[in-house]
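# Residue-level structural notes
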Amino acid sequence: MDLSLLWNLFYVLTLALGSRSAHFSARRSNSNCQPFHSTFDPSEVSRSNSGDTPFAVVSPKNSVKAGDDGLQLFLDKPSGQIKQKENTNSKVAEGATVNSTFTVLYGKVTFELAGPAVAGIVTAAIMIAEGHDEIDIELVGGDPSHWQTNVFTSDPKDDEPLYGVFGGIEDYSTKASVDEFHEYSIDWNEERIIWGVDGSAVQDTRENGVLHYPSHAARIQLGIWDASFPAGTSEWARGPIDWNQAPPRMAAIFKSVSIECPY
């Protein structure tokens, strides 16, 4: 048989097998994108990072609940006395964090979520790589009428990490609040990042004469955290949390996450 014919046959078989295994490769890919959708059924969330489930809990016991209401990530009031000094708290709550067991390199990731509109609390949907590259969506409870975008990525020309250089504070297209459900998206390819909710915005990542751009396969990370310390972080989050007024347990709720692969 002609060698070129053999190669073409092998190529067709490879494509066929690949389409059958797409569901599983979405959980194990290190360098590409596979279509994916989850409404956080309990069977999809576990404490194992083995890849047997698409999401792994990395926060304290009983800090996460998956079910008909989506994925609830809890933040509980720290035990004991909490003292405020200037704009910080003496104790910081440990919020819930969930990571995907798969990675994505370029694609459109859409999150449906809502977070507490409480000063000092941040709800986050993040793409995070091993090399500490990040593409962030953050809901700052102390600024409930806006949502925020950010990119963290370094270059050898940088003397220190660049914080707040590429961040943006975004408006909703209608009167809205972070504690209402919205679909937030990160559309990421080799040339640009577009964040979206009721509209979209483009982010340029050039600093020190170098294009700072995430280019590594990234996990999805979902979280809620207490930004009551240190002072600079607390100031950004409009904190600290006033536990005399805030409920002792609060939750960020993620109804779904979807991945599209147009690139």
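Located above this text is the structure these notes cover.
For the structure given in this document, a descriptive report is provided here. (Residues numbered from 1 in each chain as written. Predicted model: local features only at pLDDT ≥ 70, side-chain atom pairs only at ≥ 80, totals over all residues. Heavy atoms only, no water.)

## Quick word on the state of the cysteines
- According to the stated counting rule, one finds one disulfide in the structure shown.
- With its sulfur 2.0 Å from that of its partner, C33 forms a disulfide with C261. The disulfide joining C33 to C261 has a torsion of about -75 degrees about its S-S bond and is therefore left-handed. A residue pair is termed long-range when its members are at least 10 positions apart, and C33 in the loop between α2 (22-25) and β1 (36-38) and C261 in the segment after β20 (249-260) qualify at 228 residues. (Disulfide = S-S within 2.5 Å. Helix = DSSP H or I, 4+ residues; strand = E, 2+ residues; numbered from the N terminus.)

## Re the pairing of strand β10 (residues 121-129)
- Most of β10 is tucked away, with eight of its nine residues classed as buried.
- The pairing of β10 with strand β19 (residues 218-226) spans nine bridges and is classified as antiparallel. Each residue of the ladder has a partner; that of I121, found in β19, is D226.
- Looking at chain direction, β10 and strand β11 (residues 134-140) are connected through seven bridges and run antiparallel. Bridge pairing in β11 places T123 opposite L139. (Buried < 20%, exposed > 50% of the residue type's maximum accessible area, 1.4 Å probe, protein only. Pairing = 2+ DSSP bridges.)

## Here we look at the pairing of strand β8 (residues 97-100)
- In the sheet, strand β3 (residues 55-57) pairs with β8 via three bridges, with the strands oriented antiparallel. Its bridge partner lying in β8, V57 is registered against V98.
- By the bridge criterion, three bridges tie β8 to β19 in an arrangement that is antiparallel. For V98, the partnering residue across the bridge sits in β19 and is L222.

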